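Notes for the structure review
Now for the letters of each chain:
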Amino acid sequence: TVCETIVAAAELFIANDPSVTEQEVEAYLNKACNISFLKPYEAECQIIISVYADKIVQELFSGTPGSQVCAAVHLCSSQPSLPKKFVPKAPVAV
């Protein structure tokens, strides 16, 4: 889902700099919808980020596994899925 892709991007951003703050991750996510693999889903991405970015980041910082974050913030499989090839393998500059 778009949510899972956003969470994966946030996880990679955090993994790249473990001292990053919640505010820095939220700022990164606010720009994440412009990443090429999310561009086709930009409108949905922006809605998710505007409404759920703080909750997603809080879940990640509280230790919720990335695979469970979308369910924890009540964003589940009702969203269109992105093909697995669009899930980032490394942090993407925004």
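Further up the page is the structure itself.
The text that follows walks through the structure, step by step, so that each part is easy to find. The structure presented is a predicted model; accordingly, all values stated were derived computationally and were not measured.

It is worth spelling out the overall build of the protein at this point. Broken down by element type, the protein carries 4 helices and 0 strands. Going residue by residue from the N terminus, the α and β elements of the protein occur as α-α-α-α. Looking at the protein residue by residue over its 94 residues, the buried ones come to 37%. Sequence-distant contacts, at least 24 apart, represent 70% of the contacts inside the protein between residues at least 6 apart. Only carbon and sulfur atoms are counted for the fraction: they give 54% of the accessible area of the protein, which is about 5,200 Å².

Moving on to the side chain of T64. Mapped onto the secondary structure, T64 falls in the loop between α3 (42–61) and α4 (66–72). Within the structure, the side chain of T64 is placed 2.6 Å from the side chain of E59, a separation counted as a polar contact. In this structure T64 touches E59 and V69, once residues within four positions along its chain are discounted.

Here is what the cut-offs are and how they apply
- Residues numbered from 1 in each chain as written.
- Predicted model: local features only at pLDDT ≥ 70, side-chain atom pairs only at ≥ 80, totals over all residues.
- Heavy atoms only, no water.
- Helix = DSSP H or I, 4+ residues; strand = E, 2+ residues; numbered from the N terminus.
- Buried < 20%, exposed > 50% of the residue type's maximum accessible area, 1.4 Å probe, protein only.
- Contact = heavy atoms within 4.5 Å.
- Areas by Shrake-Rupley, 256 points an atom, 1.4 Å probe, with all protein chains shown as cover.
- Polar contact = N/O pair within 3.5 Å; in protein donor to acceptor, adjacent residues only side chain to side chain.

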